[in-house]
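Fold and contact review
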Amino acid sequence: MLSPGPSVPVSGCPAQRGNFTLRWRAAGAVEGGAMGLLAMVPVAGIPAAMTADILVIQVMSTSIAARIAYSYGYDAKDPEEQEFIQRLVQRSFMAQAAKAKPLRDAARAADAVKGRIRWSEKLRNDHRLLTALEKLMKQLGPAGSRVPVQNVAKVVPFVGVLIGAGMNSAVLGRVAADARRYCQTRFLCDKYGLPLPAALATDRDDDLQADAT
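Calculation notes
Residues numbered from 1 in each chain as written. Predicted model: local features only at pLDDT ≥ 70, side-chain atom pairs only at ≥ 80, totals over all residues. Heavy atoms only, no water. Helix = DSSP H or I, 4+ residues; strand = E, 2+ residues; numbered from the N terminus. Contact = heavy atoms within 4.5 Å. Areas by Shrake-Rupley, 256 points an atom, 1.4 Å probe, with all protein chains shown as cover. Buried < 20%, exposed > 50% of the residue type's maximum accessible area, 1.4 Å probe, protein only. Axes fitted to C-alpha atoms, helices over the stretch in contact; angles between N-to-C directions. Parallel < 35°, antiparallel > 145°, perpendicular 65-115°, else oblique. Left-handed = near helix turned anticlockwise from the far one by under 90°. Nonpolar A, V, L, I, M, F, W, Y, C, P; charged D, E, K, R; others polar.

1. Looking at the overall build of the protein chain
Per the secondary structure count, the protein chain includes nine helices and zero strands. For the protein chain, the α and β elements follow one another from N to C terminus as α-α-α-α-α-α-α-α-α. In the protein chain, 75% of the contacts between residues at least 6 apart in sequence involve partners at least 24 apart. When the accessible surface of the protein chain is totalled, it reaches about 11600 Å², and 62% of it is carbon and sulfur.

Right, here's the structure in full:
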């Protein structure tokens, strides 16, 4: 680990600026939207999208944590820093798992409604997403209007895009915020000879388990 030099002002670190987090949130939204759209492809869409999504987000999470560590004068290749980075990567993986079910539900709804001409009670009962979209579109349209099933079918893929974009943006935003807070606290503790707060010095496995609950 490299000791942070006095010439590195905390407020001036590139990773401290708001646009750094916003930039990664935007990147996560774009990537997540693309994967959400891919998930709408019948049969192979969900496995392909989730596999690619997990890999891309883990790479992005590693890059975020490494850049922030370097900006505070810490060597991201140091074993101690690698432990911290892997902690954030595992946390992002756990957060990604939460979107598997809503994406799967959206994909199944898109497949079920494909080519349909009329509504049926079974279709509404089996796919709550379609029912929710139908009600929403009725509320947005003229009073008493009927929403054709074809119109709802056109909207379903955008739901997958929104799910992927929103969750990935939140995941990367949290990774950037957590890495920044951690490195900033360490920087100040090292600079002024203070002990690292107990919340940051706890066992990594215990912390990950606490995040999962």
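2. Looking at the environment of Ile163
Looking at the element boundaries, Ile163 is found in helix 7 (residues 149–192). Assessed through its relative accessible area of 18%, Ile163 is described here as buried. Separated by 128 residues in the primary sequence, Ile163 and Met35 place their C-alpha atoms 9.7 Å from one another. When sequence neighbours within four positions are dropped, the list of residues in contact with Ile163 reads Lys99, Pro102 and Leu103.

3. Examining the packing of helix 3 (residues 79–97) against helix 7
Contact geometry of helix 3 with helix 7 gives a least axis separation of 10 Å together with a crossing angle of 155°. Looking at the two axes, helix 3 sits roughly antiparallel to helix 7. For the pair helix 3 and helix 7, the crossing hand works out as right-handed. Along its contact with helix 3, which presents Glu80, Glu81, Phe84, Arg87, Leu88, Arg91, Ser92 and Ala95, the element helix 7 presents Met167, Val171, Arg174, Val175, Asp178, Ala179, Tyr182, Cys183 and Arg186. In terms of residue class, the contact of helix 3 with helix 7 is made up of nine nonpolar, one polar and seven charged.

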